[in-house]
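# A closer look at the structure
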Amino acid sequence: MKTIEFAWVYALLVALFFPGMAFAQTDPGVRSTTGVNAGQPLASVTANANDLAFFQAGLEQFNEHQTVKGDNPGLGPRFNLDSCGACHSQPAPGGTSPASLIFPNVGSNPQSQVIASGLVSGSTNTIPFFVVANGPVREARFPFFFNANGTANINAPNGGVEDLFTVTGRADAGACTLQQPSFTAARAANNIIFRIPTPTFGTGLMANIDDSTLLANHTTQATNRLGIGGTFNHNGNDGTISRYGWKAQNKSLMIFAGEAYNVEMGISNELFTQDRPLPGEDQLGSGLPANCLNLAGTGYPEDITHSDGTDAHTVTSDTALFSVFMQFLDQPTPSATVPGGAASISRGRALFSAVGCAVCHTPSLTTQPSHLTAGLGDATANLFSDIEIHHMGATLADNVSQGGAGGDQFRTAPLWGLGQRIFFLHDGRATDLLAAIEAHEGNGGEANIVEAIFDQLLTPGQQQDMLNFLRSL
Amino acid sequence: MNMHRRISRCLVLLGFSISLLARAQGPPQSGGDFSNNPQPNALPSGVILLKGAWSSASDSVTPLPEGGRVAGSVYSNQYLGLTYALSRDWTEKYSGPPPSANGYYVLAQIRPAEKFKGTSRGIILIAAQDLFFTLTPAGNALELTNYSKDALSPDYKVEQPPALVRIGSHSFVRFDYVSPVAELHWHVLATQIRCHMVQFVFTSRDTKLMESLIQEMGKMTLPAEAGPISGRGGGEVPVCIKDYAQGENVLERIDPVIAERHFNPVPVRIIIDKEGKVKHVHFLSAFPDQAKAITDALFQWRFRPYLRDGRRVEVETGVMFGRAPRRPTSSSAEAVNE
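Residues numbered from 1 in each chain as written. Chains lettered and ligands numbered in written order. Predicted model: local features only at pLDDT ≥ 70, side-chain atom pairs only at ≥ 80, totals over all residues. Heavy atoms only, no water.

As a further point, take the overall build of chain A. In terms of helices and strands, chain A carries 17 helices and 11 strands. The globule rule puts the C-alpha radius of gyration for 473 residues at 23 Å, and the 23 Å found for chain A is close to it. As displayed, chain A offers around 17,200 Å² of accessible surface, 57% of which is attributable to carbon and sulfur atoms. In chain A, 20 side chains carry a positive charge and 39 a negative one; their mean positions are 8 Å apart. (Helix = DSSP H or I, 4+ residues; strand = E, 2+ residues; numbered from the N terminus. Rg over C-alpha atoms; globule rule 2.2 N^0.38 Å. Areas by Shrake-Rupley, 256 points an atom, 1.4 Å probe, with all protein chains shown as cover. Lys, Arg positive; Asp, Glu negative; His and termini not counted. Charge placed at Lys NZ, Arg CZ, Asp CG, Glu CD.)

Structure (C-alpha cells):
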C-alpha cells in the first residue's frame, strides 16, 4: 500500500517539476478506432450506376493477380509484384504499403512472401535484403550505372527501376533465363535507393486542379519568411505541371497506371508498348533475350482495349480501368476527434499552419469543373500539398532525377490519409511521425527552418497537438 | 598472293577475336545492372551528386549572393558586403538550398548550438530576395515588406507594422508579427543591397531574447548603399538596374540555342562592363545545358554603355530566359529602374 502511495506522489512530483518528461510527445500511431477511412468511391460515383460499375470493374482489376500466361497474362519477365492492389493496400485498395500487425491488419509485406506463395521460383530468385515481412513494399533504383569494377559511375546517371524478381523458373515462363540485379553489390557501392507506393486516394481531385490554381498558390507562398522556395515539375510533352509520383514526374493517372503496369508488373500496354528490360539492359546492353519476349503468347501490347468486348468494362483495357478506379476514389475522411480529442486536433491544425508546414503542405486547393463526375468538379481537395517539388537536402536526397526534379527534389507528399499510413517518406525509412519530421532537415533543404521551429521552439504539448492533428488526417 | 591474302584474313579474324574478348572482359554485358564485385568503393552518403536546375556562374572569382559562409562565428557575404557576428554559442547547423527560380536565397540559418546554456531559444534566418525576379509587385525592400504585411496569413497578428528603424548606423524596415496559437513571435528586419532585399528573420517565444539579438545587429557591417529603399549598387560594385537588357540598350543580341526543353524559368544576373560587354553571368537556377547555351549567347551581346554623371560605369541587371513565372502587375514594380 505504501509503495503504491509513494508511486503516486513520485508521479505527481515528476508531472509538476518536469512537465517535458511527464508529457513527452509521441506519435499516436495508425488510427484504428474510427474504421477504415479511405477507399470509397466519390458520392457522385456511387449515385450513378454506370460510374459505379466502372469503379467496381476498376477495383476488381486493381486487385487481380497477373500470371505470365493464362487468363490474366503478361506478367514479367521482370516485376516487383503481380497486382496493383498487393502494394497499394493500406488501409484499403488504392492505398500504400500494408502490415500484418497494424490496423487494419491487411497482411505482411507481400514482396516478402513471393517465394512462399509460388509467385517466383526460390531456386532462381532470392528475396532482396531490403524486403522484410514487417517492412514496406519497395522498388529499388540504382542512381548510377556501375563501372566494370563495381563502383558507381557518377558520370552515368541511371535511376530507373531495377525490378526485384524474374519469371525464370516458373512453369509458365518457358526457357526465359534472367538474373536479378546485383542488389547486394549495389548496397556495397552505396548505389541503391528505394521507393514505396504512393497512396492514390483523392488522386482524381489532384488531376482536376488547374495549373493556374497551383501557380497562384505558388505566388501566394512566395513571401514566406521560412527559407522555402519550390518549383514545379513539368510534363515533357506539353510543358504543363505534372503531379504524380514521388517527384511529380507523371502527368496523368493514365500515364501513372500505364507506367506502373509496365515497370512494376512487366505488362506492356497501350501507353508503354514493349516489355521492359532493366535500365542497363536497355540503354547499354542488348535488351531482353529473345526467349523472354512474348511470354504470354499474345503479341504486344499485352494489355489492350478489347474490340470484342460486350460492355464498357470488358471493352476497356486494364490500364484504363486502373485509371478510372483511381480517378473515382474519394479523398480520405479525417477524424474530428481521434486521436487526442477535438480541441487538440484543432490546435494542431492551427499550429501546422502557424509554424509554416502549410507553406508546402497546402491544406486545400479547389478543382475545376469536371466532365467525369460531379464530385470531382469545383470541389475542395484537402490534399495538404502544393504539388511543387522542393529541395529536401542531403538527408533525403536519392540522387535520382526524374523530369525536372533533381537528386534532392521531391514533390510535397500529400498528407491526406496520413492517419492510417504505416510507412513514411519516399523510401519508407520511417514509421514514426517524429522521425519523419526530423528527416525534413539537412544540408541544402528548404524545410530546415520549419523543422527547427517544430523541434526547438514548440512545447511538447504543442508538438503533441500537431502529431494528433496529423494522425487525424 | 593467295598466301598473303590468307595471312591477312587470319590477322583480321585474330583482331576481331581479340576485340570480342576485350569486350567480354570490359563493362558488364548488361551495361550496369549487375556487378560481381562484393567490395567496391562506396559512394559517400548524404551528398547531392545529381542536381537538377541549380545555381552556377561563368567564373569562379566574381562573388555571388549565395557565396556567403559562416566561419569563426561570423557570417560573411562578399557579394553583399555584409558581415554578421553570431551570438555566443549560436551556430549554423545546416546550409540552405540553392536559390529559387524566383530569386529567393537562404543565406544562413542560425540557431543555438548544442552547448548553448541559455533558457530561451530562437532561430535566425538570413535570406535575400532578388528584386529583379520577385513574384511580388514590389520594387524595393520597403515595398516588399509592406506587401508581406498585407499578405500576412490569418494565422498571424501584426505586432508592429513595417516601419523604418535604425540599429547602430544601419537603416532597416522592421516588421513584427506573432502567432497567438504557437505563442511565437517573428521580428523581420530588411534592407536592400545591390537590388536584393536582405532579410533578418528572428523567431522565438522570448521577445527579450529577440530584442537583444536585434541590438547586436548594430555591430554588423553593411555597405554604404544599404537601406530600405536605396541599395542599388554603385561605388565599388556595379550599379543595378532592372530590365536594362531591353530595348535600345541592347545593341546586339544573339539568342541561345537550347536543344532540350525543360519548361523552367532561368533567371540570370549579368554584369555588363564599361564597354558594354557581358563580363559575368550568374544563373540563379538553370540546368547545365541551359547555362552553357545561354552563357555562350550572352557573351556575344553588346549593350549601350551606361553613363552615370557622364562617366561610364558597370551595370548589373537581370534577364529571364526559359519560361517566365507569372507575376502580379503593379505600378510599383519598376521602382528599381533608374
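Bringing the overall build of chain B into the picture now. For chain B, the count of helices and strands is four helices and 20 strands. The buried share among the 338 residues of chain B stands at 50%. Here the contacts in chain B between residues at least 6 apart in sequence split such that 62% fall between residues at least 24 apart. Carbon and sulfur atoms make up 52% of the accessible area of chain B, which totals about 16,400 Å². (Buried < 20%, exposed > 50% of the residue type's maximum accessible area, 1.4 Å probe, protein only. Contact = heavy atoms within 4.5 Å.)

Counting across every chain of the model gives two disulfides over all chains. Here Cys-176 of chain A pairs with Cys-292 of chain A through a disulfide, and the sulfurs are 2.0 Å apart. On the sign convention where negative is left-handed, the bridge of Cys-176 of chain A and Cys-292 of chain A, at about 95° about the S-S bond, is right-handed. Here Cys-176 of chain A, found in the loop between β6 (165-166) and α6 (183-188), pairs with Cys-292 of chain A, found in the loop between α10 (279-283) and α11 (312-315); they are 116 residues apart in sequence, far enough to count as distant. Each member of the pair, Cys-176 of chain A together with Cys-292 of chain A, is buried. Between the sulfur atoms of Cys-195 of chain B and its disulfide partner Cys-240 of chain B the distance amounts to 2.1 Å. The sign of the 85° torsion about the S-S bond sets the Cys-195 of chain B-Cys-240 of chain B disulfide as right-handed. Of the two residues, Cys-195 of chain B is situated in the loop between β10 (184-193) and β11 (196-204) and Cys-240 of chain B in strand β13 (residues 237-240); the sequence distance between them amounts to 45 residues. On the basis of relative accessible area, Cys-240 of chain B is assigned to the buried category, the value being 0%. With no disulfide partner, Cys-360 of chain A has as its closest neighbouring cysteine sulfur the one in Cys-357 of chain A, 8.8 Å distant. (Disulfide = S-S within 2.5 Å.)

Think of interface size as the accessible area that goes away when the parts come together; that is how it is often given. Between chain B and chain A, the residue contacts involve 70 residues of the former and 81 residues of the latter. Interface area for chain B against chain A, summed over the two sides, is near 5,700 Å², with a carbon-plus-sulfur share of 58%. Linking Glu-441 of chain A and Lys-93 of chain B is a salt bridge whose minimum nitrogen-to-oxygen distance equals 3.9 Å. The interface formed by chain B and chain A holds 29 residue pairs in polar contact (both at pLDDT 80 or more) in total. Where the side of chain B that touches chain A is concerned, the elements lending two or more residues are β6 (104-112), β7 (122-130), α2 (141-150), β9 (170-179), β10 and β11 of chain B. Among the residues making up the side of chain B that touches chain A, the classes are represented as 35 nonpolar, 24 polar and 11 charged. (Buried area = accessible area lost by both parts, 1.4 Å probe. Salt bridge = Lys/Arg side-chain N within 4 Å of Asp/Glu carboxyl O. Polar contact = N/O pair within 3.5 Å; in protein donor to acceptor, adjacent residues only side chain to side chain. Nonpolar A, V, L, I, M, F, W, Y, C, P; charged D, E, K, R; others polar.)

On to the pairing of strand β15 (residues 265-272) of chain B, then. All names here are of chain B. Burial within β15 is extensive, with eight of its eight residues counted as buried. What you see with β15 is no split at all: Pro-265, Pro-267, Arg-269 and Ile-271 on one side and Val-266, Val-268, Ile-270 and Ile-272 on the other are buried throughout. The pairing of β15 with strand β20 (residues 315-322) spans eight bridges and is classified as antiparallel. Note on β20: the bridge partner recorded for Ile-272 is Val-315. Judged from the five bridges that link them, β15 and strand β16 (residues 278-286) form a sheet pairing that is antiparallel. Its bridge partner lying in β16, Arg-269 is registered against His-282. Hairpin remark: β15 followed by β16, antiparallel, with five residues in the connecting loop; positive phi at Gly-276, about 90°. (Pairing = 2+ DSSP bridges.)

Here we take up the packing of helix α9 (residues 253-265) of chain A against helix α12 (residues 318-328) of chain A. Residues and elements named next belong to chain A. α12 packs onto α9 with a crossing angle of 130° between their chain directions and a minimal axis gap of 8 Å. Taken together, the axes of α9 and α12 lie oblique to each other. Along this stretch, α9 crosses α12, giving a crossing that reads as right-handed. On α12, the residues touching Leu-253, Met-254, Phe-256, Ala-257, Gly-258 and Tyr-261 of α9 are Asp-318, Thr-319, Ala-320, Phe-322, Ser-323, Met-326 and Gln-327. Broken down by class, the residue content of the contact of α9 with α12 amounts to eight nonpolar, four polar and one charged. (Axes fitted to C-alpha atoms, helices over the stretch in contact; angles between N-to-C directions. Parallel < 35°, antiparallel > 145°, perpendicular 65-115°, else oblique. Left-handed = near helix turned anticlockwise from the far one by under 90°.)

With that out of the way, let us pick up the domain arrangement of chain A. Residue and element names in this part refer to chain A. The domain boundaries assigned to chain A delineate domain 1 (7-39 + 199-249 + 330-472) and domain 2 (66-198 + 253-299). With 30 residues of domain 1 at the contact, the number on the domain 2 side is 30 residues. Summed over both sides, the interface of domain 1 with domain 2 buries roughly 2,400 Å², with 69% coming from carbon and sulfur. Our enumeration of links across domain 1 and domain 2 arrives at one salt bridge. (Domains from an automatic or database assignment.)

Let's shift gears to the nonpolar core. One finds Phe-130, Ile-192 and Leu-383 of chain A to be the most contacted residues of the largest nonpolar core, which totals 63 residues. Breaking this core down by element, the ones donating at least two residues are α4 (49-63), α5 (84-87), α6, α7 (203-207), α9 and α12 of chain A. Two domains each provide a minimum of three residues to this core, namely domain 1 (7-39 + 199-249 + 330-472) and domain 2 (66-198 + 253-299) of chain A. Listed in part, the 51 residues of the second largest apolar core include Leu-396, Leu-433 and Ala-439 of chain A together with Val-201 of chain B. (Core = buried A, V, L, I, M, F, W, Y, C linked by side-chain atoms within 4.5 Å.)

A separate point is helix α8 (residues 211-221) of chain A. All of the buried residues along α8 of chain A are Asp-211, Leu-214, Asn-217, His-218 and Thr-219 of chain A. Summarising the contacts, the buried residues of α8 of chain A are in contact with β8 (365-366) of chain A.

Looking only at helix α4 (residues 288-298) of chain B, the buried set comprises Gln-290, Ala-291, Ala-293, Ile-294, Thr-295, Ala-297 and Leu-298 of chain B. Against the buried residues of α4 of chain B lie β1 (54-57), β15, β16 and β20 of chain B.

Okay, the environment of Gly-239 of chain A next. The residue Gly-239 of chain A is located in the loop between α8 and α9 in this model. Measuring from C-alpha to C-alpha, the distance between Gly-239 of chain A and Lys-251 of chain A comes to 9.8 Å, with 12 residues separating the pair along the chain. Look past the residues within four positions of Gly-239 of chain A in its chain and what remains in contact with it is His-234 of chain A together with Phe-263 and Arg-323 of chain B.

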